[in-house]
Amino acid sequence: MREPVSGKQRGATRTRVQRGVISILWALAGVALVVFMWEAVKFVGSFIDLPLNTSDTSMPHVWTMVDAFSNPVVRGSDTTVLQAVVSATLTSLKIALGGFAIGVTFGIILAVIMQRFAFFERGLLPFVIASQTVPLIALAPLIVGLGNRISLGPIEWTTTYSVMFIAAYLAFFPLSVGALRGLQAPSATSLELMRSYAARPNQMLWKLRFPSSVPYLVPALKVSAAAAVVGTVVAEISTGVKGGVGRLLIEYARETTSQPAKVYVAVFGAIALGLAAAALVSALDLYLTRNLPKESQA
Amino acid sequence: MRAKAHSRIAKIAGAATVVALALSACSSSSDTTETAADATATTEESAAEETATDAAETGECTELTPVSLQLQWFVQAQFGGYYAAKDKGFYEEQCLDVTILEGGVDIVPQTVLAQGGADYAIAWVPKALSSREQGAMITNVAQVYQRSGTLQVSWADSGISTPADLAGKKVGNWGFGNEYELLAGIDAAGLSPTADMEMVQQQFDMQALLNREIDAAQAMTYNEYAQVLEAVNPDTGELYQPADFNVLNWNDFGVAMYQDAIWASQERLSDSAYQDQTQRFVTASLKGWIYCRDNAQECADIITANGSMLGASHQLWMMNEVNKLVWPSPAGVGVTDPALWDQTVAVATNTKNLEGVAIISGAPDAEAYTNQYAEAADAALEAEGLNVTGDGFAPLTVTLNEGGN
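Residues numbered from 1 in each chain as written. Chains lettered and ligands numbered in written order. Predicted model: local features only at pLDDT ≥ 70, side-chain atom pairs only at ≥ 80, totals over all residues.

Caption draft 1: Representation of the overall build of chain B. Counting secondary structure elements, chain B contains 15 helices and ten strands. Burial statistics for chain B: of 405 residues in total, 56% are counted as buried. (Helix = DSSP H or I, 4+ residues; strand = E, 2+ residues; numbered from the N terminus. Buried ≥ 20, exposed ≤ 12 C-beta atoms within 10 Å, placed from the backbone.)

Here's what the structure looks like:
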């Protein structure tokens, strides 16, 4: 997944700051384009019949959505919708990160076992793949149901843990598959070199296999993070766990009849959640690849 | 490299958005069942003000029995009685420590109960009977709602004042087992839901009706109908008025089915400790419902304090409408009327949905419901000087504000 050198050289002449500013401007331009298209569709729809309903109740104006942020959550409350969305997003982010961490740990352990013992790879991989074909909405109530009967000594199993478990369940898969490929990536010559040094399997793992798996791991981490976020939101919706973005989505969605803009506020929260997770993985990417040969622009 | 990373972020964010939108859409279709129902949060706060009398009554109570109740949906006034019983200390009076488990889109309370995830569950009778037929060993121990809260709402100018007027119209329905009263009503009017009208899957909100995409929409008295009356009529700039709409109330057409009831585990009811606990739970819960009848505003506030995000006027409206479904209870609160039970079973057995499937294939056995607990509870509550039938019950007149605020 490392980009080829060509086509990047132009950027190399710019400073880091310049490149940063330019990429932010591009991102803002993208947002502006979406806003413009939304409003354009609404505008056109007010003159001619489009196949979709463009009335204010179905497609509220962007400024109505932004305005909805400053309303109090319920009348007389000191908390604004913005605060509610921010706190819900943070709650969901915590759950997603917990799920992500568990999923990544489990995924890597699984990959190491599968790499080390071909027997396990043949035996486990089909199950790993099959695990992802179970529809999440079927799984969620099941896990909550099981969770209700789990007792872990002093720790009480709450539905929040069930949601985290579901996030982890979705996150481990891309990671274990990606890590497995990465661990198997070292060339025969590298492996033979290690063997000629009489390296033990553990040494080969730490000194050769892990470092060479990084290029495979990074994209896998990105997919895993996205899966953890999706898993969290879906599981929150499915199980109705309080506090997160998923719950907020339903709560606001059912007020659509009288306040059509409100549900979009929760959608923005879900977007922020995705962005935060992606930013985190990008940071992880920078850290993991710090020792890899940088491409031209380094 | 940076630009590339950004495009990836954008893609992930885009995907997240799409997923979020899709989810909000699917939740809209699958949760309609539960729209009716609401759920609660597991609030740990127990009644703060325990009076001296309560303490005296709990004299022989050395340790509260932990009990869990699974709701169909989030905390809202639909479950007012249970929250009131918890908040006002009625459960504690009965030596119970009740944890109220809120529901969600995919939480099926009777299944949670049957699997042992909760000690009691709130569920609509037809749905619970369907689960029961499929093996969930559960028993209705208190029929809290005495009437159905399901309406078919249409524009007044569409002239739909009886089910027969639905002929030739575009009729919205929620599906997922929420459409049987509508179908039974259509059937009783001598019409076919497929040949004589167009049946449309309806979203959980009422936009389709307000945009006149459909002629009649399903609504619960305590929720969706209020949402319509909280929306601004763009033509007048004022809120929509009840006079703008016609309402078909299935209680008036003999096809209503029993809704919220307290279900207990049938297997565990053979155990005397669980019997005793069930009796105490039913008594305290029904006392909560009596409290909400007489203190609707306070109950609405209790619900809000327990984390409901609904607006104040919507919450009070819901509490008041739910009170109308519970009260009056001529045979005593929580007592199942065999005639209405039979009507529920008849509609559930004889009405086929658009896929040709009935809710249940035959009448349930006698253990599907029992009045033993509700009757004993009513006797005890009456001895406390409480009115258990709610004769002379007068609902409030609630004014809805824009957006339910």
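Caption draft 2: Summary view of the overall build of chain A. Tallying secondary structure elements over chain A gives eleven helices and two strands in all. Helices and strands in chain A line up, N terminus first, as α-α-α-α-α-α-β-β-α-α-α-α-α. Viewed in the frame of its principal axes, chain A has a C-alpha envelope of about 75 × 60 × 40 Å. The contacts of chain A with a sequence gap of at least 6 include a subset with a gap of at least 24, amounting to 74%. (Contact = placed C-beta atoms within 7 Å.)

Caption draft 3: Representation of the domain arrangement of chain B in the model. All names here are of chain B. Along its sequence, chain B is carved into domain 1 (34-147 + 257-404) and domain 2 (150-253). For domain 1 and domain 2, the distance between their C-alpha centroids amounts to 27 Å. Taken together, the contact between domain 1 and domain 2 spans 23 residues of the former and 22 residues of the latter. Mapped onto the side of domain 1 that touches domain 2, the elements with two or more residues apiece are α7 (125-133), α13 (312-326) and α14 (338-350). Examining the composition of the side of domain 1 that touches domain 2, we find that five residues originate from one element, α13, more than from any other. Tallied by class, the residues present in the side of domain 1 that touches domain 2 amount to eleven nonpolar, eight polar and four charged. (Domains from an automatic or database assignment. Nonpolar A, V, L, I, M, F, W, Y, C, P; charged D, E, K, R; others polar.)

Caption draft 4: Representation of α14 of chain B within the structure. Residue and element names in this part refer to chain B. End to end, α14 covers 18 Å across 13 residues, agreeing with the expected 18 Å (1.5 Å per residue, within 8%). When we look at burial in α14, the residues that qualify are Trp341, Thr344, Val345, Val347 and Ala348. Along α14, the residues classed as buried sweep out an arc of 165 degrees about the axis, all on the same side. Of the exposed residues in α14, the ones pointing more than 90 degrees away from its buried face are Pro338, Ala339 and Asp342. The secondary structure elements touched by the buried residues of α14 are α7 and α8 (180-188). (Expected span 1.5 Å × (residues − 1). Arc of directions from axis to C-beta.)

Caption draft 5: Geometry of helix α15 (residues 372-383) of chain B. All names here are of chain B. Helix length check: α15, at twelve residues, gives a terminal C-alpha distance of 17 Å against a target of 16 Å (1.5 Å per residue), a fit within 8%. Along α15, the positions that sit buried rather than exposed are Tyr373, Ala374, Ala377, Asp378 and Leu381. Axial view of α15: buried residues confined to an arc of 130 degrees, hence all on one face. Residues of α15 that are exposed and point over 90 degrees away from its buried face: Ala379 and Ala383. Tucked inside the fold, the buried residues of α15 contact β4 (138-142) and α11 (272-294). Immediately beyond the C-terminal end of α15, within one or two residues, lies Gly385, with a positive phi of roughly 90 degrees.

Caption draft 6: Highlighting the environment of Asp165 of chain B. Within the fold, Asp165 of chain B resides in the loop between β5 (150-155) and β6 (170-173). Apart from the residues lying within four places of it in its own chain, the contact partners of Asp165 of chain B are Gly159 and Ile160 of chain B.

Caption draft 7: Quick peek at the packing of helix α6 (residues 136-147) of chain A against helix α9 (residues 201-239) of chain A. All names here are of chain A. Across the interface, α6 lies against α9 with an axial gap of 9 Å and an inter-helix angle of 65 degrees. In this structure, the crossing between α6 and α9 has a hand that is right-handed. Side by side, α6 and α9 meet where Leu136, Ile137, Ala140, Pro141 and Val144 of the first sit next to Gly231, Val234, Ala235, Ser238 and Thr239 of the second. Broken down by class, the residue content of the contact of α6 with α9 amounts to seven nonpolar, three polar and no charged. (Axes fitted to C-alpha atoms, helices over the stretch in contact; angles between N-to-C directions. Left-handed = near helix turned anticlockwise from the far one by under 90°.)

Caption draft 8: How the structure looks around the pairing of β4 of chain B. All names here are of chain B. Here β4 lies mainly inside the structure; five of its five residues are buried. Note that β4 and strand β10 (residues 260-265) share four bridges and pair antiparallel. Counterpart to Thr139 in the pairing with β10 is Ala264. (Pairing = 2+ DSSP bridges.)

Caption draft 9: A look at the domain arrangement of chain A. Domain boundaries in chain A define domain 1 (13-59) and domain 2 (75-288). Taking only C-alpha atoms into account, the centre of domain 1 of chain A sits 30 Å from that of domain 2 of chain A.

Caption draft 10: Local environment of the sheet that holds strand β3 (residues 120-124) of chain B. Residues and elements named next belong to chain B. If you trace the five strands from one edge of the open sheet to the other, you get β2-β1-β3-β10-β4, paired in mixed fashion. In this open sheet, the two edge strands, each paired with only one partner strand, are β2 (96-101) and β4. This sheet shows a mean twist of 35 degrees between the axes of neighbouring strands, independent of strand direction. Those strands touched by α7 are β3, β4 and β10, and its axis lies near 115 degrees from that of β3.

Caption draft 11: Geometry of the nonpolar core. Membership of the largest hydrophobic core comes to 184 residues, with the highest contact counts inside it found for Ala167 of chain A together with Trp263 of chain B. A per-element tally of this core places helix α7 (residues 159-183) of chain A first, with 17 residues. (Core = buried A, V, L, I, M, F, W, Y, C linked by C-beta atoms within 7 Å.)

Caption draft 12: Spotlight on unusual backbone geometry. Residues and elements named next belong to chain B. The step from Trp327 to Pro328 runs through a cis peptide bond, and the omega angle for that step is -10 degrees. Note on placement: Pro328 falls in the loop between α13 and α14. Positive phi is not limited to glycine here, since Cys95 has a value of about 65 degrees. Overall, Cys95 belongs to the buried group, with 20 C-beta atoms counted inside 10 Å. The backbone phi angle of Phe176 is positive, close to 50 degrees, even though this residue is not glycine. Tracing the sequence through the fold places Phe176 in the loop between β6 and α8. Residue classification places Phe176 among the partly exposed residues on the basis of 15 C-beta atoms within 10 Å.

Caption draft 13: Structural detail: the confidence of the model for chain B. In the predicted model, chain B carries a mean pLDDT of 85, and the fraction of residues at 70 or more is 85%. Of the two predicted TM-score estimates for the complex, the pTM is 0.80 and the ipTM is 0.74. (pLDDT = per-residue confidence, 0-100.)

Caption draft 14: Region of the structure containing the confidence of the model for chain A. Per-residue confidence for chain A averages 84 on the pLDDT scale, and 91% of its residues sit at or above 70. Within chain A, helix α4 (residues 81-116) of chain A carries the highest mean pLDDT (92), whereas helix α1 (residues 9-12) of chain A carries the lowest (53).

Caption draft 15: Representation of the packing of α9 of chain A against helix α10 (residues 245-253) of chain A. Residues and elements named next belong to chain A. Remark: α9 packs on α10, axes separated minimally by 7 Å, with the N-to-C direction vectors making an angle of 50 degrees. Between α9 and α10, the crossing angle belongs to the class labelled oblique. Both α9 and α10 take part in a crossing whose hand is right-handed. Residue-level inspection shows Val233, Val234, Glu236 and Ile237 of α9 in contact with α10, the latter providing Val245, Gly246, Arg247, Leu249 and Ile250. Across the contact of α9 with α10, the residue classes tally to six nonpolar, one polar and two charged. (Parallel < 35°, antiparallel > 145°, perpendicular 65-115°, else oblique.)

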